[in-house]
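An overview of the molecular structure
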Amino acid sequence: MSNPVTATIKDMMEKYGARESTMRERVAEANIIAQKLTDEGKAPHKRHNFWAVDRRQRDFDHFFVAHSSLKHVEGGVCSSYKAARYYDDKAAQRRDELLAQFPKE
């Protein structure tokens, strides 16, 4: 005759075969998930480094303004092509005004 407490504990314990089959299922599922992640990362519809693409709807156009009086003027944007073009155009206008003041010889 066996001890009833030991028999109850032994009956409640997980069997080796059940534990081994559960482990095989977990390993197979993890393998499938890992393969899915690998395939999704190398899919033909995604380009290389697709996660590095800037997904904002507008470009970076909120540059720093040189002075508050130039806030809505293209010349107020520091270190930009817009500012360079603005000041080049202003210089060309000023040059034309100065040339217009003096008679041609």
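Residues numbered from 1 in each chain as written. Predicted model: local features only at pLDDT ≥ 70, side-chain atom pairs only at ≥ 80, totals over all residues. Heavy atoms only, no water.

Some remarks on the overall build of the protein
Looking only at helices and strands, one finds three helices and zero strands in the protein. Ordered by position from the N terminus, the helices and strands of the protein form the series α-α-α. Buried positions account for 6% of the 105 residues belonging to the protein. Surface summary for the protein: the accessible area is close to 10300 Å², and the carbon and sulfur share equals 57%. (Helix = DSSP H or I, 4+ residues; strand = E, 2+ residues; numbered from the N terminus. Buried < 20%, exposed > 50% of the residue type's maximum accessible area, 1.4 Å probe, protein only. Areas by Shrake-Rupley, 256 points an atom, 1.4 Å probe, with all protein chains shown as cover.)

Describing helix α1 (residues 4–12)
Taking burial as the measure, the nine residues of α1 include zero buried ones, a minor fraction of the element. Its side-chain oxygen placed 3.2 Å from the backbone nitrogen of Val5, Asn3 serves as the N-cap of α1. (Polar contact = N/O pair within 3.5 Å; in protein donor to acceptor, adjacent residues only side chain to side chain.)

Regarding a nonpolar patch on the surface
Among the surface-exposed residues, Val5, Ile9 and Met13 lie close enough to one another that they form a single nonpolar patch of about 300 Å² accessible area. Relative to the helices and strands, Met13 is located in the loop between α1 and α2 (16–41). Residue Met13 is classed as exposed on the basis of its relative accessible area of 52%. (Patch = residues over 30% accessible without salt bridge, like charges linked within 9 Å, V, L, I, M, F, W, Y side chains within 5 Å. Salt bridge = Lys/Arg side-chain N within 4 Å of Asp/Glu carboxyl O.)

Some thoughts on the packing of aromatic side chains
According to the stated counting rule, one finds one aromatic pair in the structure shown. Ring centres of Tyr86 and Tyr87 lie 5.1 Å apart, and the angle between their planes is 80°; on these two criteria the pair is classed as edge-to-face. What makes Tyr87 partly exposed here is its relative accessible area of 41%. (Phe/Tyr/Trp six-rings, centres within 6.5 Å; stacked < 30°, edge-to-face > 60°.)

What about the confidence of the model for the protein?
When pLDDT is averaged across the protein, the result is 81; 77% of the residues are at 70 or more. The least confident element of the protein, judged by mean pLDDT, is α2 at 88; the most confident is α1 at 91. (pLDDT = per-residue confidence, 0-100.)

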